Amino acid sequence: MIKAHSQRVLQPYSAQVQIAESDDARALSMDGDLWEFHFIYSNARGGKASVGRQQGRFTRAAHIRRCDLERVIENPVTDDGRVDERILELARFLIGARLPFEAADRYEYWLLDSKDQSPLALIFSCVDASEMASFPKLTDWAALPAAVMPIETSEAERSRSHGPVNYRLERCVAERAGSKPRAQWFTRRYHETEDFPPFLVREDWESEEHGDLCRRYLQRQAPRLLMLHGVSLEERRRMELAARANALDVARFYPLYPEIADPEVMDKLRIEARLRMAAGETAYSMGRRDGVLYQ
């Protein structure tokens, strides 16, 4: 039986990865287009991966675009031999699957505000409660690197040799966490009254400068933040408007948006993206950097 869910890629937050898994294989996608297939091998001699899946190791087997899944199923023989049945089983499931998959990582590890110990910034999340103990007791929040998500700076900032907005916001969060930062696991129950930052970091800053850094960071990250589940339509509409400056990123992640608050805004952005790509701008192609899936 194949199970499917999605979860946030942390830390830092960069996307909502889609995961379909059988007892001994899985397929992952960051954009719903390119799927990365893994085989799962048990660490125990003679054991099956399905017995204690968390003890297994994953070996990358193939990359297949969604538009090619049907072709692979119909003609499962390549120059290297026959396509493994574990891949074909997942491919058949993915052809009929509706994206995005339901979010399942409701166990969340938050850095706390030093003043009132409320959630300040999300560090980790996981699907099973049993996984919590395996995470390090980290109290540092990381922003998405400037190399992955560059944020424009002003001429005044450049003249003063200010660093990227990403890392300046990291310092702001660290300062707000205090000299003895604390973090805590929470179990989220979406659609109930909860006081968690909808976009994974607090936006109410006492300093105007710090508030501006946070606003600019989230606005640039908006196409990725729209992949989040459990966000109100009002907050989603705010990020859809912020995403207007990055139409290509919207087109890249759009298949994984669980809801749309303003279809007209999204339609205009997707049309803009198609025109820009037709004019020669390069669309995003999923890949890895130093083994990191989020890039």
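Just above, that's the structure.
Quick summary incoming for the structure in this document.

**Observations regarding the overall build of the protein chain**
Of the regular secondary structure elements, the protein chain holds eight helices and ten strands. Here the protein chain, with 295 residues, has 46% of them falling under the buried criterion. Intrachain contacts of the protein chain at a sequence separation of at least 6 include 61% that bridge at least 24 residues.

**With respect to the packing of helix H4 (residues 165-177) against helix H5 (residues 208-225)**
One way to put it is that H4 packs onto H5 with a least axis distance of 9 Å and a crossing angle of 125 degrees. By the angle between their axes, H4 is oblique relative to H5. Two packed elements cross with a definite hand, and for H4 against H5 that hand is left-handed. Contact residues: H4 offers Val165, Asn166, Arg168, Leu169, Cys172 and Glu175, while H5 offers Glu209, His210, Leu213, Cys214, Arg216 and Tyr217. Here the residues of the contact of H4 with H5 are counted per class, giving six nonpolar, two polar and four charged.

**What about the sheet that holds strand S3 (residues 25-29)?**
Taken in spatial order, the five strands of this open sheet run S1-S2-S3-S4-S5, and their pairing is antiparallel. Among the strands making up the open sheet, the edge pair consists of strand S1 (3-9) and strand S5 (57-65). Going across the sheet, the axis of each strand differs from the next one's by a mean of 25 degrees, ignoring polarity.

**Notes on unusual backbone geometry**
With an omega of 5 degrees, the peptide bond between Gln11 and Pro12 qualifies as cis. Tracing the backbone through its elements, the reader meets Pro12 in the loop between S1 and strand S2 (15-21). A positive phi angle, near 60 degrees, is found at Ser161, a position not held by glycine. Locating Ser161 in the fold gives a position in the loop between helix H3 (155-159) and H4. By relative accessible area, which is 63% here, Ser161 ends up exposed. With phi around 75 degrees, Leu200 is a residue other than glycine that occupies positive phi space. With respect to the helices and strands, Leu200 occurs in the loop between strand S10 (183-187) and H5. Relative accessible area serves as the criterion here: at 7%, Leu200 is assigned to the buried category.

Reading guide: rules and limits
- Residues numbered from 1 in each chain as written.
- Predicted model: local features only at pLDDT ≥ 70, side-chain atom pairs only at ≥ 80, totals over all residues.
- Heavy atoms only, no water.
- Helix = DSSP H or I, 4+ residues; strand = E, 2+ residues; numbered from the N terminus.
- Buried < 20%, exposed > 50% of the residue type's maximum accessible area, 1.4 Å probe, protein only.
- Contact = heavy atoms within 4.5 Å.
- Axes fitted to C-alpha atoms, helices over the stretch in contact; angles between N-to-C directions.
- Parallel < 35°, antiparallel > 145°, perpendicular 65-115°, else oblique.
- Left-handed = near helix turned anticlockwise from the far one by under 90°.
- Nonpolar A, V, L, I, M, F, W, Y, C, P; charged D, E, K, R; others polar.
- Pairing = 2+ DSSP bridges.

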